[in-house]
Every structure is written in structure tokens, then in C-alpha cells.
Amino acid sequence: MKWIGGLVLFVLMSVVATAQEAPRPQKVDDLVRLLQDPEVRAWLEKAPGPALTAVQQADSGLATWEAATRSRINGIVAAIPRIPGDVLWMSSGYRAVMNNGDVQRRD
């Protein structure tokens, strides 16, 4: 029983030893250093954000997609009450074909 605990401890220690972080690339360090610079921070705060028209276009696209999705879901929900009648019609047609070969047309 002790050897199982020792084995688990050994596996856990080896996992921790291999899970050390790789050193960051120089470019990442440069970016972090630049972002900490007060002049760069001030410039970023004053820089213009995304254009208002781009935001409005994104909102319009989302609204269009939402309206189309709602319309499709409403169509599916509206068709649900027809299902029992359609099943009865199909089963009666199937029985008629099986009994005497007579096919009824539904208009």
C-alpha cells in the first residue's frame, strides 16, 4: 500500500517539474514594457475608438439575424398543431392503399 502512495507522489512531482513555464519571447517583453509607459498609455486613452458606423452596422446585422431566426422559429411553432392531422391523413391513406389500392388526394 505504501508503494502506491510513493508512486502517486512520484508521478505528481514529475508532472509539476515538467509543467514549468517557457520563457516569454523578447517581443512580448517589449510590448509589456511599452504598455507600462505613461506616454503610450496617455496616447492610447486619447486614440479614437472604432467608428460609430462600424458599430451600428454590426448591431444592424445582429438585429437582422435575430429577426430571421425568430421568424423561422415562429413558423415551426405555428406548424406544430398541423402534425396530428397530417399523421391521421397519412395513416388513412396508407390503410386505403393497403386495403384496396384507392389513393385519396388531399387539397
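Calculation rules
- Residues numbered from 1 in each chain as written.
- Predicted model: local features only at pLDDT ≥ 70, side-chain atom pairs only at ≥ 80, totals over all residues.
- Heavy atoms only, no water.
- Helix = DSSP H or I, 4+ residues; strand = E, 2+ residues; numbered from the N terminus.
- Areas by Shrake-Rupley, 256 points an atom, 1.4 Å probe, with all protein chains shown as cover.
- Salt bridge = Lys/Arg side-chain N within 4 Å of Asp/Glu carboxyl O.
- pLDDT = per-residue confidence, 0-100.
- Patch = residues over 30% accessible without salt bridge, like charges linked within 9 Å, V, L, I, M, F, W, Y side chains within 5 Å.
- Axes fitted to C-alpha atoms, helices over the stretch in contact; angles between N-to-C directions.
- Parallel < 35°, antiparallel > 145°, perpendicular 65-115°, else oblique.
- Contact = heavy atoms within 4.5 Å.
- Nonpolar A, V, L, I, M, F, W, Y, C, P; charged D, E, K, R; others polar.

1. What about the overall build of the chain?
So, step 1. The number of helices and strands found in the chain is five helices and zero strands.
So, step 2. Starting at the N terminus and ending at the C terminus, the chain contains elements arranged as α-α-α-α-α.
So, step 3. Just so you have it, the chain exposes about 10200 Å², and 65% of that area is on carbon and sulfur atoms.

2. Thoughts on the pattern of salt bridges
So, step 1. Following the criterion strictly, the structure yields three salt bridges and no others.
So, step 2. The salt bridge involving D30 is made with R33; its shortest N-O contact spans 3.5 Å. With D30 and R33 both in helix α2 (residues 26–36), this residue pair falls three residues apart, about one helical turn.
So, step 3. Here R82 ties to D86 by a salt bridge, and the two come within 3.7 Å at their closest N and O atoms. A residue pair is termed a helical-turn pair when its members lie 3 or 4 positions apart in one helix, as R82 and D86 do in helix α5 (residues 82–100) at four residues.

3. Details of the confidence of the model for the chain
So, step 1. Per-residue pLDDT for the chain averages 78, and the proportion of residues at 70 or more is 68%.
So, step 2. In the model of the chain, helix α1 (residues 2–18) stands out as the element of lowest mean pLDDT, 65, in contrast to α2, which has the highest, 87.

4. A short note on a nonpolar patch on the surface
So, step 1. A surface patch of nonpolar side chains, about 450 Å² in accessible area, is lined by I73, V77, I80, I83 and V87.
So, step 2. Every element with two or more residues in the nonpolar patch is listed here: α4 (52–79) and α5.
So, step 3. By the element assignment, I73 lies in helix α4.

5. Section: the packing of α2 against helix α3 (residues 38–46)
So, step 1. Orientation of α2 relative to α3, taken along the N-to-C sense of each, is 75 degrees, at an axis distance of 5 Å. Looking at the two axes, α2 sits roughly perpendicular to α3. Of the residues in α3, those in contact with L34, L35 and Q36 of α2 are P38, V40, R41 and L44.
So, step 2. Its residues placed into classes, the contact of α2 with α3 shows five nonpolar, one polar and one charged.

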